[in-house]
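In case you want the letters, here they are:
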Amino acid sequence: MIENYGNEHNVRTFVSLSSPQGGQYGAECFTKMFPALTARTAYELFYTRLGQRALSVANYWYDPRHRDLYLKYSAYLAVIDNVKQQNSSDFNLKQNTNNDNDLRTMMVNTSTAETSDITNVAETYDDSSQMIEARVTRAIAAVCAATAEIAKRHNDDNSDANSVQLSSVKVTSVDVDTVMTIDSAYDNDYAEYSINSNPNIKKLGLTRLQRLVLIGGPDDGVISPWQSSQFAVLDSSGKLVPMRERRQDDIYSDNDPIGLHQLDTTDRLVEYTVPGVNHHEWHHNEKVLRECIIGWLD
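Starting afresh in each chain, residues are numbered from 1 along the sequence in its written order. Confidence filtering applies because this is a predicted model: local features only for residues at pLDDT of at least 70, side-chain atom pairs given and counted only at 80 or more, and all residues used for totals across whole chains, interfaces and linings. Working from all heavy atoms in the structure, the side-chain values ignore hydrogens and water.

1. Some details on the side chain of Gln-227
Now for step 1: Helix and strand definitions here come from DSSP, where helices need a minimum of 4 consecutive H or I residues and strands a minimum of 2 consecutive E residues; each element is numbered from the N-terminal end. The topology assignment puts Gln-227 in the loop between β4 (211-216) and β5 (233-234).
Now for step 2: For the exposure calls, accessible area comes from a 1.4 Å probe over protein chains only, and a residue counts as buried if that area is under 20% of its type's maximum, exposed if over 50%, partly exposed in between. On the basis of relative accessible area, Gln-227 is assigned to the buried category, the value being 19%.

See below:
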C-alpha cells in the first residue's frame, strides 16, 4: 500500500513484524494443507497462473533455483520488489504459457459428474456467500489435484492430497481448463485492485518513510529462511544472501528499485533479531513490543 501512494502517504514509520520480505522458500508454511508438495517441487504449481491466483504462499514464493520462472510468473513479490512490472496477463488465466500447459497436462481423469454442481454455481456472477464458497472450493480442489499429480510425478505418494473436503462438497479432481475458463470472468475485477505499475512511484513510497523497522528471529518456525524478514534470500546452492549482498539486478543493486539502499545509507533502516519467538507470538510478545516497536512510534 505504501508503494501505491508514492509521495502522497503520511506514514512515518513502517514496522515489518516477521514478514517474508525476501520471499518464502520452505515447506513449513504449506505442509499441513498440501503435504504432497515439497520445497523443491512447489515451483511446478506456484509458478503458474493458477498457483499465483489461488495461493497467497505462491505470491511470496522465491525459489532460488528457478529465478527465471519467478520473474516470469510472480504476480506479487517480484512486482512489489520492483524487479518486474506487472502485466495484465499476470491475472489472465486464459493466457497460457508453458508452465500452465504442463499443469494442464498433469491434471487428467476429470469426472464431470463430480464437478458439475460446483461449476454450475461458480459460473454465475453472484457474489453471495454460496457463490464465493463455490469458487473457493473449485480453486482449492484444482490446487489439490495439481499437488497430487506433481507428487506422483516425483514418486512421492501421498493420498491426503488427492481430495479436499469443504462445506460437505467433496472433489477428487478438477480440470484446470474449467478453472481457467470460469475464473477469467473475474480477471477484470481482480486486476482493478492491482499494484501500481509505475516503478518510480513505488520507490518514492518507501523512501518517503522516516524509518523502516525489520523484525525477525531464528525461532519463527514459519518464515523460511527466517532472515527473509530482513530481505535476505537463498542462492541456488542454498547459501544465505543477506540483503546488502543482493546487488546484481536485485533489490539492493545500484539502481535501488524500492529504495532500500537509500534508506540504509541514510540511517533510516533498523533491524532487530529476536530469538525465542514463534511466528504466531510476535504480535503479542511484550519484549518485542517494548524493545523493538514502541520506541519508534509517535
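2. Concerning the packing of aromatic side chains
Now for step 1: Aromatic rings from Phe, Tyr and Trp, with only the six-membered ring used for Trp, were paired whenever their centres fell within 6.5 Å, and each pair was classed as stacked if the ring planes differed by under 30 degrees, edge-to-face if by over 60, and tilted otherwise. The final tally for this structure, using the stated rule, is 7 aromatic pairs.
Now for step 2: Seen from their ring centres, Tyr-60 and Tyr-76 are 5.4 Å apart, and the 65° between their planes marks the pair as edge-to-face. With Tyr-60 in helix α4 (residues 56-60) and Tyr-76 in the loop between α5 (67-73) and α6 (77-80), this pair connects stretches of sequence that are 16 residues apart.
Now for step 3: By the ring-pair criterion, three or more aromatic residues cluster together here, those being Tyr-25, Phe-30, Phe-46 and Trp-61.
Now for step 4: As a reminder, the over-ring test applies to NZ of lysine and CZ of arginine, requiring each to be within 6 Å of the ring centre and within 35 degrees of the ring normal. Between the NZ or CZ atom of Arg-246 and the centre of the ring of Tyr-62, over which it lies, the distance is 5.9 Å.

3. As for the environment of Met-243
Now for step 1: Tracing the backbone through its elements, the reader meets Met-243 in the loop between β6 (240-241) and α13 (260-265).
Now for step 2: Residue Met-243 is classed as buried on the basis of its relative accessible area of 2%.
Now for step 3: In what follows, a contact means two residues having at least one pair of non-hydrogen atoms within 4.5 Å. Non-local contacts of Met-243, meaning those with residues more than four positions away in its chain, are made with Gln-230, Phe-231, Ala-232, Tyr-252, Leu-260, Leu-269 and Glu-271.

4. Regarding the sheet that holds β4
Now for step 1: Overall, parallel pairing links the 3 strands, which are arranged β1-β4-β7 in an open sheet. Strands with a single pairing partner mark the edges of an open sheet, and in this sheet they are β1 (13-17) and β7 (269-273). Pairs of neighbouring strands in the sheet enclose a mean axial angle of 15°, with direction left out of account.
Now for step 2: Whether two strands pair comes down to DSSP finding at least two bridges between them. Two strands pair when backbone bridges link them, and β1 and β4 are joined in this way by 5 bridges, in the parallel orientation. Paired with Thr-13 across the strands is Arg-211, a residue of β4. Comment: axis = line fitted to C-alpha atoms, over the contacting stretch for helices; angle = value between 0 and 180 degrees taken between N-to-C directions.

5. Observations regarding the pairing of β4
Now for step 1: β4 sits mainly inside the fold: 5 of its 6 residues count as buried.
Now for step 2: Where β4 and β7 come together, 5 bridges link them in parallel fashion. By the bridge assignment for β7, Val-213 is matched with Val-270.

6. Topic: the pattern of salt bridges
Now for step 1: The term salt bridge refers to a pairing of a side-chain nitrogen on Lys or Arg with a carboxyl oxygen on Asp or Glu at a separation within 4 Å. As enumerated under the stated definition, the model contains 6 salt bridges in all.
Now for step 2: Here Asp-254 ties to Arg-247 by a salt bridge, and the two come within 2.7 Å at their closest N and O atoms.
Now for step 3: Residue class for Arg-247 comes out partly exposed when judged on its relative accessible area of 34%.

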